[in-house]
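Chain and residue survey
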Amino acid sequence: MHMSADLAISLNDKRLKIYELLKKGYSGEKIAKTLGISRSAVWKFVEKLRSLGYEIDRNYNILSIPDPSPLDAALCSKKLGVERFLYFEEVDSTNNVAKKEERSCVLAKRQSAGRGRLGRKWESEEGGLYFSFEFPRKVPAVKAHRVTILIGLVVAKTLENFKAKIKWPNDVLIEGKKVSGILCELVGEELSSRVIVGVGINVKNELPEELKDKATTLKTYNVSVTDVFCSFANTFSEIVNLEWNRILEEWKRMLDTIGKEVEVRVGGEIYRGVALDVDDEGALILKCGDKIERIFSGECFYM
Ligand code: BTN
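Throughout what follows, the structure given in this document is the object of discussion. Predicted model only: the values in this text are computed from it and were never measured.

**Description of the pattern of salt bridges**
- Considering all chains together, one arrives at 29 salt bridges under this definition.
- We note a salt bridge from Lys121 to Glu123, for which the minimum N-O separation is 3.3 Å.
- Look at Glu123 and you get partly exposed, because its relative accessible area is 23%.
- With a closest N to O distance of 3.6 Å, Lys291 and Glu293 form a salt bridge.

Written as C-alpha coordinates, this is what we have:
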(Lines give C-alpha, C1' and ligand atoms only; values in the text may rest on other atoms or scores of the structure.)
Protein backbone atom coordinates (compact mmCIF):
# COMPACT_ATOMS: atom_id res chain seq x y z
CA MET A 1 0.00 0.00 0.00
CA HIS A 2 1.18 3.51 -0.76
CA MET A 3 0.93 6.34 1.66
CA SER A 4 -1.68 8.80 0.54
CA ALA A 5 -0.51 11.69 -1.60
CA ASP A 6 0.39 15.00 0.02
CA LEU A 7 -1.38 16.65 -2.90
CA ALA A 8 -3.69 15.03 -5.44
CA ILE A 9 -5.24 17.43 -7.87
CA SER A 10 -7.12 17.27 -11.12
CA LEU A 11 -5.60 19.64 -13.65
CA ASN A 12 -8.83 21.56 -14.07
CA ASP A 13 -9.21 22.04 -10.32
CA LYS A 14 -9.92 25.64 -9.24
CA ARG A 15 -7.17 25.37 -6.65
CA LEU A 16 -4.63 25.73 -9.44
CA LYS A 17 -6.27 29.02 -10.38
CA ILE A 18 -6.11 30.17 -6.74
CA TYR A 19 -2.37 29.50 -6.78
CA GLU A 20 -1.87 31.43 -10.01
CA LEU A 21 -3.74 34.45 -8.60
CA LEU A 22 -1.81 34.29 -5.32
CA LYS A 23 1.41 34.41 -7.33
CA LYS A 24 0.10 37.51 -9.10
CA GLY A 25 -0.33 39.16 -5.70
CA TYR A 26 -4.16 39.10 -5.53
CA SER A 27 -5.75 39.49 -2.10
CA GLY A 28 -7.92 36.74 -0.64
CA GLU A 29 -10.99 38.79 -1.31
CA LYS A 30 -10.11 39.48 -4.91
CA ILE A 31 -9.33 35.81 -5.54
CA ALA A 32 -12.68 34.76 -4.08
CA LYS A 33 -14.49 37.30 -6.27
CA THR A 34 -12.57 36.48 -9.42
CA LEU A 35 -13.17 32.75 -9.13
CA GLY A 36 -16.67 32.91 -7.65
CA ILE A 37 -15.69 30.96 -4.53
CA SER A 38 -15.90 31.70 -0.82
CA ARG A 39 -13.11 33.41 1.10
CA SER A 40 -12.96 30.44 3.40
CA ALA A 41 -12.26 28.18 0.41
CA VAL A 42 -9.29 30.41 -0.40
CA TRP A 43 -8.15 30.37 3.23
CA LYS A 44 -8.40 26.59 3.38
CA PHE A 45 -6.21 26.22 0.33
CA VAL A 46 -3.68 28.73 1.67
CA GLU A 47 -3.44 26.56 4.80
CA LYS A 48 -2.84 23.56 2.53
CA LEU A 49 -0.06 25.44 0.74
CA ARG A 50 1.54 26.29 4.08
CA SER A 51 1.49 22.63 5.03
CA LEU A 52 3.30 21.87 1.77
CA GLY A 53 6.11 24.27 2.70
CA TYR A 54 5.00 27.53 1.05
CA GLU A 55 5.58 30.52 3.31
CA ILE A 56 2.58 32.81 3.03
CA ASP A 57 1.96 35.82 5.25
CA ARG A 58 -1.30 37.08 6.72
CA ASN A 59 -1.98 39.17 3.67
CA TYR A 60 -1.50 36.17 1.43
CA ASN A 61 1.84 37.32 0.05
CA ILE A 62 3.92 34.33 -0.94
CA LEU A 63 7.27 34.78 0.82
CA SER A 64 8.94 31.57 -0.27
CA ILE A 65 8.22 28.58 -2.47
CA PRO A 66 9.56 25.08 -1.71
CA ASP A 67 11.61 23.14 -4.23
CA PRO A 68 10.14 21.09 -5.77
CA SER A 69 7.07 23.30 -5.80
CA PRO A 70 4.13 20.89 -6.13
CA LEU A 71 1.77 23.57 -7.44
CA ASP A 72 4.13 24.88 -10.10
CA ALA A 73 4.86 21.30 -11.12
CA ALA A 74 1.12 20.56 -11.34
CA LEU A 75 0.67 23.55 -13.65
CA CYS A 76 3.56 22.41 -15.85
CA SER A 77 2.36 18.81 -15.92
CA LYS A 78 -0.48 19.84 -18.26
CA LYS A 79 2.16 19.75 -20.99
CA LEU A 80 2.62 16.03 -20.43
CA GLY A 81 -0.92 15.28 -21.57
CA VAL A 82 -2.08 13.95 -18.19
CA GLU A 83 -5.28 14.75 -16.30
CA ARG A 84 -4.16 14.45 -12.71
CA PHE A 85 -1.13 15.35 -10.64
CA LEU A 86 0.00 13.67 -7.44
CA TYR A 87 2.74 14.84 -5.15
CA PHE A 88 4.46 12.92 -2.36
CA GLU A 89 7.06 14.07 0.12
CA GLU A 90 8.11 10.44 0.11
CA VAL A 91 6.89 7.39 -1.76
CA ASP A 92 8.37 3.99 -2.57
CA SER A 93 8.55 4.59 -6.34
CA THR A 94 6.66 7.11 -8.47
CA ASN A 95 6.41 4.46 -11.22
CA ASN A 96 4.45 2.20 -8.88
CA VAL A 97 1.90 4.94 -8.20
CA ALA A 98 1.60 6.03 -11.84
CA LYS A 99 0.85 2.44 -12.82
CA LYS A 100 -2.20 2.42 -10.57
CA GLU A 101 -3.44 5.95 -11.24
CA GLU A 102 -4.56 6.37 -14.83
CA ARG A 103 -3.52 9.44 -16.81
CA SER A 104 -1.49 10.88 -13.96
CA CYS A 105 1.82 12.52 -13.32
CA VAL A 106 3.40 11.58 -10.00
CA LEU A 107 6.23 13.61 -8.47
CA ALA A 108 8.07 12.84 -5.26
CA LYS A 109 10.58 14.78 -3.18
CA ARG A 110 12.31 11.50 -2.40
CA GLN A 111 11.76 7.79 -3.00
CA SER A 112 12.31 5.05 -0.45
CA ALA A 113 12.56 2.32 -3.12
CA GLY A 114 13.42 4.10 -6.38
CA ARG A 115 13.86 1.55 -9.15
CA GLY A 116 16.38 1.57 -11.98
CA ARG A 117 16.66 -0.57 -15.08
CA LEU A 118 17.60 -4.25 -14.80
CA GLY A 119 16.18 -4.52 -11.30
CA ARG A 120 18.65 -2.05 -9.86
CA LYS A 121 18.07 0.52 -7.19
CA TRP A 122 17.84 4.24 -8.06
CA GLU A 123 19.29 6.51 -5.38
CA SER A 124 16.54 9.01 -4.58
CA GLU A 125 17.69 11.42 -1.91
CA GLU A 126 15.95 14.75 -1.51
CA GLY A 127 17.20 17.34 -4.03
CA GLY A 128 16.78 15.20 -7.13
CA LEU A 129 13.91 15.13 -9.60
CA TYR A 130 11.84 11.94 -9.49
CA PHE A 131 8.64 11.66 -11.48
CA SER A 132 6.55 9.32 -13.58
CA PHE A 133 3.66 9.87 -15.94
CA GLU A 134 1.47 7.97 -18.30
CA PHE A 135 2.49 8.49 -21.90
CA PRO A 136 -0.48 10.21 -23.59
CA ARG A 137 -0.98 7.54 -26.24
CA LYS A 138 -1.39 3.79 -26.00
CA VAL A 139 1.50 2.02 -27.68
CA PRO A 140 1.86 -1.52 -29.06
CA ALA A 141 4.57 -3.39 -27.12
CA VAL A 142 6.72 -3.73 -30.26
CA LYS A 143 6.96 0.06 -30.52
CA ALA A 144 7.65 0.74 -26.86
CA HIS A 145 11.38 1.29 -27.54
CA ARG A 146 10.39 4.40 -29.48
CA VAL A 147 8.93 5.96 -26.34
CA THR A 148 12.15 5.24 -24.46
CA ILE A 149 14.18 6.86 -27.21
CA LEU A 150 11.86 9.86 -27.32
CA ILE A 151 12.15 10.37 -23.56
CA GLY A 152 15.95 10.08 -23.70
CA LEU A 153 15.89 12.82 -26.30
CA VAL A 154 13.56 15.00 -24.20
CA VAL A 155 15.87 14.69 -21.17
CA ALA A 156 18.97 15.39 -23.27
CA LYS A 157 17.37 18.46 -24.86
CA THR A 158 16.19 19.65 -21.44
CA LEU A 159 19.80 19.51 -20.27
CA GLU A 160 21.37 20.60 -23.56
CA ASN A 161 22.66 23.85 -22.06
CA PHE A 162 24.61 21.77 -19.56
CA LYS A 163 26.33 19.87 -22.39
CA ALA A 164 24.21 16.72 -22.03
CA LYS A 165 24.74 13.83 -24.44
CA ILE A 166 23.01 10.49 -24.87
CA LYS A 167 24.79 7.20 -24.32
CA TRP A 168 22.98 4.46 -26.22
CA PRO A 169 20.25 3.50 -25.61
CA ASN A 170 19.06 6.24 -23.29
CA ASP A 171 21.39 7.22 -20.51
CA VAL A 172 21.97 10.94 -20.36
CA LEU A 173 25.53 11.96 -19.54
CA ILE A 174 27.26 15.20 -18.69
CA GLU A 175 31.02 15.13 -19.16
CA GLY A 176 30.88 11.35 -19.35
CA LYS A 177 28.93 10.86 -16.13
CA LYS A 178 25.33 9.76 -15.78
CA VAL A 179 22.97 12.55 -14.73
CA SER A 180 19.64 10.92 -15.51
CA GLY A 181 17.97 7.55 -15.87
CA ILE A 182 14.74 6.55 -17.57
CA LEU A 183 12.56 3.58 -16.72
CA CYS A 184 9.63 2.96 -19.08
CA GLU A 185 7.24 0.20 -18.08
CA LEU A 186 4.36 -1.31 -20.03
CA VAL A 187 1.05 -2.05 -18.41
CA GLY A 188 -1.81 -4.01 -19.90
CA GLU A 189 -2.39 -5.33 -23.38
CA GLU A 190 0.38 -6.19 -25.78
CA LEU A 191 -1.25 -4.54 -28.78
CA SER A 192 -2.22 -1.39 -26.96
CA SER A 193 -0.34 -0.85 -23.72
CA ARG A 194 -0.22 2.00 -21.30
CA VAL A 195 3.37 3.19 -21.03
CA ILE A 196 4.53 4.50 -17.67
CA VAL A 197 7.49 6.80 -18.13
CA GLY A 198 9.73 7.23 -15.08
CA VAL A 199 12.48 9.84 -15.05
CA GLY A 200 15.15 10.50 -12.45
CA ILE A 201 17.48 13.48 -12.78
CA ASN A 202 20.25 14.29 -10.31
CA VAL A 203 19.73 17.99 -9.69
CA LYS A 204 21.16 18.98 -6.29
CA ASN A 205 20.91 15.68 -4.41
CA GLU A 206 23.99 14.29 -2.65
CA LEU A 207 25.35 11.23 -4.42
CA PRO A 208 26.65 8.30 -2.39
CA GLU A 209 30.46 8.12 -2.41
CA GLU A 210 30.55 4.92 -4.50
CA LEU A 211 28.64 6.58 -7.37
CA LYS A 212 30.73 9.72 -7.61
CA ASP A 213 33.02 8.53 -10.40
CA LYS A 214 30.10 7.31 -12.55
CA ALA A 215 27.36 9.80 -11.80
CA THR A 216 26.99 13.57 -11.63
CA THR A 217 24.43 16.20 -10.65
CA LEU A 218 23.47 19.70 -11.83
CA LYS A 219 24.69 21.27 -8.57
CA THR A 220 27.22 23.57 -10.21
CA TYR A 221 24.52 24.99 -12.47
CA ASN A 222 22.36 26.14 -9.58
CA VAL A 223 18.99 25.17 -11.05
CA SER A 224 15.87 24.21 -9.15
CA VAL A 225 14.13 20.85 -9.33
CA THR A 226 10.94 22.65 -10.39
CA ASP A 227 12.70 24.41 -13.28
CA VAL A 228 14.15 21.17 -14.58
CA PHE A 229 10.74 19.49 -14.36
CA CYS A 230 8.96 22.33 -16.18
CA SER A 231 11.61 22.49 -18.82
CA PHE A 232 11.23 18.73 -19.37
CA ALA A 233 7.44 19.13 -19.73
CA ASN A 234 7.82 21.97 -22.23
CA THR A 235 10.36 20.10 -24.30
CA PHE A 236 8.16 16.99 -24.22
CA SER A 237 5.17 18.91 -25.59
CA GLU A 238 7.32 20.36 -28.37
CA ILE A 239 8.55 17.02 -29.69
CA VAL A 240 6.04 14.34 -28.68
CA ASN A 241 4.04 14.74 -31.88
CA LEU A 242 6.94 14.91 -34.31
CA GLU A 243 7.30 12.16 -36.89
CA TRP A 244 9.45 9.22 -35.84
CA ASN A 245 12.13 10.07 -38.42
CA ARG A 246 12.58 13.56 -37.02
CA ILE A 247 12.84 12.21 -33.48
CA LEU A 248 15.41 9.65 -34.55
CA GLU A 249 17.41 12.28 -36.39
CA GLU A 250 17.50 14.60 -33.36
CA TRP A 251 18.32 11.67 -31.06
CA LYS A 252 21.24 10.67 -33.31
CA ARG A 253 22.50 14.23 -33.21
CA MET A 254 22.76 14.02 -29.42
CA LEU A 255 24.09 10.47 -29.27
CA ASP A 256 27.76 10.27 -28.39
CA THR A 257 28.18 6.50 -28.77
CA ILE A 258 28.83 6.30 -32.51
CA GLY A 259 32.51 5.74 -33.30
CA LYS A 260 33.31 4.64 -29.77
CA GLU A 261 34.71 1.33 -28.66
CA VAL A 262 32.07 -0.20 -26.45
CA GLU A 263 31.06 -3.24 -24.50
CA VAL A 264 27.36 -4.07 -24.59
CA ARG A 265 25.78 -6.51 -22.16
CA VAL A 266 22.57 -8.16 -23.27
CA GLY A 267 21.25 -10.58 -20.68
CA GLY A 268 24.16 -12.97 -20.18
CA GLU A 269 25.93 -12.08 -23.42
CA ILE A 270 28.72 -9.58 -23.88
CA TYR A 271 29.56 -7.89 -27.18
CA ARG A 272 32.73 -5.87 -27.66
CA GLY A 273 33.37 -3.72 -30.67
CA VAL A 274 33.08 -0.37 -32.38
CA ALA A 275 29.68 1.32 -32.54
CA LEU A 276 29.23 2.01 -36.26
CA ASP A 277 25.76 3.47 -36.35
CA VAL A 278 22.15 3.02 -35.25
CA ASP A 279 19.39 1.73 -37.52
CA ASP A 280 15.90 3.14 -38.21
CA GLU A 281 14.57 1.83 -34.91
CA GLY A 282 17.52 2.93 -32.81
CA ALA A 283 19.22 -0.48 -32.63
CA LEU A 284 22.99 -0.27 -32.23
CA ILE A 285 25.11 -1.54 -35.12
CA LEU A 286 28.32 -2.91 -33.74
CA LYS A 287 31.42 -4.11 -35.55
CA CYS A 288 32.81 -6.98 -33.52
CA GLY A 289 35.96 -8.19 -35.29
CA ASP A 290 34.71 -9.04 -38.75
CA LYS A 291 31.12 -9.55 -37.66
CA ILE A 292 28.37 -6.97 -37.65
CA GLU A 293 25.90 -7.24 -34.80
CA ARG A 294 22.59 -5.43 -34.46
CA ILE A 295 21.65 -4.90 -30.82
CA PHE A 296 18.16 -3.83 -29.81
CA SER A 297 18.65 -3.26 -26.12
CA GLY A 298 21.24 -3.73 -23.45
CA GLU A 299 23.67 -1.93 -21.27
CA CYS A 300 26.50 -0.10 -22.91
CA PHE A 301 29.92 0.73 -21.45
CA TYR A 302 32.56 2.90 -23.07
CA MET A 303 35.99 1.21 -23.14
C1 BTN B 1 18.03 3.69 -14.84
O2 BTN B 1 18.34 2.63 -14.32
O3 BTN B 1 18.84 4.37 -15.45
C4 BTN B 1 16.59 4.18 -14.73
C5 BTN B 1 16.34 4.97 -13.49
C6 BTN B 1 14.93 5.52 -13.40
C7 BTN B 1 14.66 6.26 -12.11
C8 BTN B 1 13.33 6.94 -12.07
S9 BTN B 1 13.15 8.00 -10.68
C10 BTN B 1 11.44 8.17 -10.98
C11 BTN B 1 10.94 6.82 -11.40
N12 BTN B 1 10.58 6.02 -10.24
C13 BTN B 1 11.38 4.95 -10.10
O14 BTN B 1 11.29 4.11 -9.18
N15 BTN B 1 12.29 4.91 -11.10
C16 BTN B 1 12.11 6.02 -12.01
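Still more to cover.
**Description of the state of the cysteines**
- Counting across every chain of the model gives one disulfide.
- Sulfur-sulfur distance for the disulfide between Cys76 and Cys230 comes to 2.0 Å. Since a negative S-S torsion denotes a left-handed disulfide, the Cys76-Cys230 link at about 95 degrees is right-handed. Placement of the pair is Cys76 in helix α4 (residues 70–76) and Cys230 in helix α7 (residues 225–239), with a sequence separation of 154 residues. With respect to class, Cys76 is no different from Cys230; both count as buried.
- Cys105 carries a free sulfur, and the closest cysteine sulfur to it, the one in Cys76, is 9.9 Å from it.
- We classify Cys105 as buried; its relative accessible area is 0%.
- The closest cysteine sulfur to the non-disulfide-bonded Cys300 is located on Cys288, 11 Å from its own sulfur.

**Digging into the site of the ligand**
- Contacts to the ligand come from 18 residues, most closely from Ser93, Gln111, Arg115, Arg117 and Lys178.
- Contact between the ligand and Thr94: a nitrogen atom at 3.1 Å from a side-chain N or O atom of the residue.
- In the environment of the ligand, a nitrogen atom lies 2.9 Å from a nitrogen or oxygen atom belonging to the side chain of Gln111.
- Mapped onto the shell around the ligand, the elements with two or more residues apiece are α5 (94–100), β6 (129–134), β9 (177–188) and β10 (193–201).
- Examining the composition of the shell around the ligand, we find that four residues originate from one element, β9, more than from any other.
- Grouping the constituent residues of the shell around the ligand by class yields five nonpolar, 10 polar and three charged.

Cut-off values and rules
- Residues numbered from 1 in each chain as written.
- Predicted model: local features only at pLDDT ≥ 70, side-chain atom pairs only at ≥ 80, totals over all residues.
- Heavy atoms only, no water.
- Salt bridge = Lys/Arg side-chain N within 4 Å of Asp/Glu carboxyl O.
- Buried < 20%, exposed > 50% of the residue type's maximum accessible area, 1.4 Å probe, protein only.
- Disulfide = S-S within 2.5 Å.
- Helix = DSSP H or I, 4+ residues; strand = E, 2+ residues; numbered from the N terminus.
- Near = heavy atom within 4 Å.
- Polar contact = N/O pair within 3.5 Å; in protein donor to acceptor, adjacent residues only side chain to side chain.
- Nonpolar A, V, L, I, M, F, W, Y, C, P; charged D, E, K, R; others polar.

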